[in-house]
Amino acid sequence: MPKTKAKIRIILADDHHVVRAGIRQLLESAKDIQVIAEAGDGEEAQALIQQHKPDVAVLDIQMPGASGIQVTRWVRSHLPQVGVLILTAYDDEPYVMAVLQAGANGYVLKTARPEDLVQAVRAVNEGKSALDPSVTQKLMSNLFKRPEKFPVEPLTERELDVLRLAAKGFTNKAIGVQLNISDRTVQGHLAHIFAKLRVASRTEAVMRGVSLGWVSQSSSNSPEE
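Below you will find a few notes about this structure. Chains are numbered independently. Their residues run from 1 in the order of the written sequence. Local features in this predicted model are restricted to residues of pLDDT 70 or higher, and side-chain atom pairs are both shown and tallied only at a pLDDT of 80 or more, whereas totals for entire chains, interfaces and linings draw on every residue. Note that the side-chain values use all heavy atoms of the structure and ignore hydrogens as well as water.

1. A word on the sheet that holds strand 3 (residues 56–59)
One requirement defines pairing of two strands: DSSP has to find at least two bridges between them. Every helix listed is a DSSP run of H or I at least four residues long, and every strand listed is a run of E at least two residues long, numbered separately from the N terminus. Overall, parallel pairing links the six strands, which are arranged 2-1-3-4-5-6 in an open sheet. For this open sheet the edge positions go to strand 2 (33–39) and strand 6 (130–131), each flanked by a neighbour on one side alone. Bridge analysis of strand 4 (residues 83–88) against strand 5 (residues 106–109) gives four bridges, and the strand direction is parallel. Each residue of the ladder has a partner; that of I86, found in strand 5, is Y107. The criterion used for residue contact is that any of the two residues' heavy atoms lie within 4.5 Å. Every axis corresponds to a line fitted to the C-alpha atoms, with the helix fit spanning only the stretch in contact, and the corresponding angles, defined between N-to-C directions, vary from 0 to 180 degrees. Its contacts with the sheet place helix 1 (residues 17–28) against strand 1 (8–13), strand 2 and strand 4, and it is angled at close to 165° to strand 2. Helix 3 (residues 68–78) contacts strand 3 and strand 4 of the sheet and is inclined by roughly 175° relative to strand 4.

Below, the structure is given as structure tokens:
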């Protein structure tokens, strides 16, 4: 369920005005989404996010002033409750990994179908991860090809339970309900999982879990409501 019954409040940042106008029109075609402000560069986006505290910030990667990656890092440090969805033309692994490590909740390509972008915004608003299927496929392919450079410390049974539920798109609160534990305990388990897998985000943890055979790839691509 969405955070509230009110519309999902969006800050949209892209340095191309025509592109930004098209994205805004597309997003606002969904009755539950409202673009409350637009920015043409990263610094302006950061200022607007600080001012309005939106539900989700939809950011391009390459922008004047500050990149989408820099803005994402700032959001995570100062306004962690704001969801970050990267909407970009770049599907190169270094960009994707940099964004995920910065703490973005989602990564969607500008070639995505309109309904996929809208669904990604809703997912990020609900605290879930949202990765473009083509990006996921590329990352998974590279992960399976890449030899392990370090031994991976095994997860406990409870940590595996948390990781598998995270792969299905459950929020911390929903994971706690499923496992009959508190949100704080879920956060603690996730922190241990991140440390053991040497990752910085839920999405990275899920992909590592898939590559290690601990999480099924079908689960990671099919979030439950």
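2. Re unusual backbone geometry
One non-glycine residue, N180, lies in positive phi territory at about 60°. You can see N180 is positioned in the loop between helix 8 (172–179) and helix 9 (183–197). For the exposure calls, accessible area comes from a 1.4 Å probe over protein chains only, and a residue counts as buried if that area is under 20% of its type's maximum, exposed if over 50%, partly exposed in between. Taking relative accessible area as the criterion, N180 reaches 71% and is therefore assigned exposed. The backbone phi angle of R198 is positive, close to 55°, even though this residue is not glycine. Here R198 shows up in the loop between helix 9 and helix 10 (202–211).

3. Topic: the pattern of salt bridges
The term salt bridge refers to a pairing of a side-chain nitrogen on Lys or Arg with a carboxyl oxygen on Asp or Glu at a separation within 4 Å. Applying the stated criterion to the full structure yields eleven salt bridges. Two residues, R20 and E38, come together in a salt bridge whose shortest N-O distance is 2.7 Å. A residue pair is termed long-range when its members are at least 10 positions apart, and R20 in helix 1 and E38 in strand 2 qualify at 18 residues. R24 is paired through a salt bridge with E38; the nearest N and O atoms lie 2.7 Å apart. Here R24, found in helix 1, pairs with E38, found in strand 2; they are 14 residues apart in sequence, far enough to count as distant. We classify R24 as partly exposed; its relative accessible area is 27%. On the accessibility criterion, E38 (22% relative accessible area) is partly exposed. It is possible to trace a salt-bridge network through shared partners that takes in R20, R24, E28 and E38.

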